Amino acid sequence: MIHPAAIIEQGARLADGVAVGAYSVIGPQVEVGEGTMIGPHVVIEGRARIGCNNRIWQFASIGAAPQDKKYGSEETAVEIGDGNTIREFVTINRGTMQDAGVTRVGNDNWIMAYVHFAHDCQVGSSTIFANYSGIAGHVQVGDWAVLGASTLVHQFVRIGAHSFTGMGTILDRDLPPYVRAAGNRAQAYGINTVGLRRRGMPGSTIDALKLAYKAVYRGGIPQDEVKRELAEKGEACAEVRAFLDFLGASKRGFVR
């Protein structure tokens, strides 16, 4: 159902079963998939493609111009997958030509009130962003990551899959997959054991990740020896290999 007070601009493409609440504005380059529900007072603008069965609550803003002084009104975009919950006052800005030109959000994410996704962010699937958390431009977030309330993330930081941050965390370096972090500045506090168990990860895999974590984070061990030890563990465990590959690709350094 499209509320008669909603504004659907000419050119917008809304699939069957899309609902739009009163006083929402849907721009001319917007595509919305089947079954998506858009509450009142939502603004979706620019080149935005939104998938199926999303729930977008009142006062959200999707596809607005990036908060970047270098942006010159280029044709950039936002792409959002299926089954996401986007709560009140969430802001998701479109990309810039300094990167891929697209801000992407995957599937089945739970994005709470007042969360901000800046330009060119790449967010995976099944993540949770608690209230007031925000990620600056070009941040990458892996699947199943959980950001606690008021977590703030510096531009270009990478957040690994299945990682977790506590409330009020300030991330200015990469957060490896499977790792818990908290504080300002963020410090690592072990493997996200509870989250991994909830997702059905075998105990043997969690134990292997704990050993890999200790190899990296314990003091006094030469880095070459650590790399050799992790390489051996990675041959037998894909999750340890992912952990090792993430560390090897880190350009900013990672949370210690």
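Residues numbered from 1 in each chain as written. Predicted model: local features only at pLDDT ≥ 70, side-chain atom pairs only at ≥ 80, totals over all residues. Heavy atoms only, no water.

**Student:** A description of the pattern of salt bridges should follow, citing residues and the corresponding values.
**Tutor:** In this structure the tally under the stated criterion is ten salt bridges. Between glutamate 88 and arginine 87 there is a salt bridge, with the nearest N and O atoms lying 3.0 Å from each other. For glutamate 88, a relative accessible area of 17% corresponds to the buried category. Here aspartate 172 makes a salt bridge to arginine 173, at a shortest N to O gap of 3.1 Å. With a relative accessible area of 21%, aspartate 172 lands in the partly exposed category. Linked by salt bridges that have partners in common, Arg49, Glu79 and Arg104 make up one network. (Salt bridge = Lys/Arg side-chain N within 4 Å of Asp/Glu carboxyl O. Buried < 20%, exposed > 50% of the residue type's maximum accessible area, 1.4 Å probe, protein only.)

**Student:** Can you lay out helix H4 (residues 238–249) for me, pointing to particular residues and giving the numbers?
**Tutor:** With twelve residues, H4 ought to run about 16 Å at 1.5 Å a step, and its terminal C-alpha atoms sit 16 Å apart, in line with that. Taken together, the buried positions of H4 are occupied by Val240, Phe243, Leu244, Phe246 and Leu247. Down the axis, H4 shows its buried residues gathered within 160° of arc, on one side only. Residues of H4 that are exposed and point more than 90 degrees away from the buried face comprise Ala238 and Gly248. (Helix = DSSP H or I, 4+ residues; strand = E, 2+ residues; numbered from the N terminus. Expected span 1.5 Å × (residues − 1). Arc of directions from axis to C-beta.)

**Student:** Lay out the environment of glycine 200 with the relevant residues and their values.
**Tutor:** Along the chain, glycine 200 turns up in the loop between helix H1 (193–198) and helix H2 (203–217). Placed 195 residues apart in sequence, glycine 200 and alanine 5 show a C-alpha to C-alpha distance of 46 Å.

**Student:** Could you give me a rundown of the side chain of serine 24, with the residues and numbers involved?
**Tutor:** Structurally, serine 24 is set in the loop between strand E3 (19–20) and strand E4 (25–26). A polar contact is formed between the side chain of serine 24 and the backbone nitrogen of valine 42, at a distance of 2.9 Å. Residue contacts for serine 24: discarding those within four places in its chain leaves Ala6, Ile7, Ile38, Gly39, Pro40, His41 and Val42. (Polar contact = N/O pair within 3.5 Å; in protein donor to acceptor, adjacent residues only side chain to side chain. Contact = heavy atoms within 4.5 Å.)

**Student:** A description of the packing of H2 against H4 should follow, citing residues and the corresponding values.
**Tutor:** It is at 9 Å that the axes of H2 and H4 come closest, and there the two elements cross at 30°. Taken together, the axes of H2 and H4 lie roughly parallel to each other. The interaxial crossing formed by H2 with H4 has right-handed handedness. Here Thr205, Ala208, Leu209, Ala212, Tyr213, Val216 and Tyr217 of H2 come into contact with H4, specifically with Glu239, Val240, Phe243 and Leu247. Taken together, the residues of the contact of H2 with H4 sort by class into nine nonpolar, one polar and one charged. (Axes fitted to C-alpha atoms, helices over the stretch in contact; angles between N-to-C directions. Parallel < 35°, antiparallel > 145°, perpendicular 65-115°, else oblique. Left-handed = near helix turned anticlockwise from the far one by under 90°. Nonpolar A, V, L, I, M, F, W, Y, C, P; charged D, E, K, R; others polar.)

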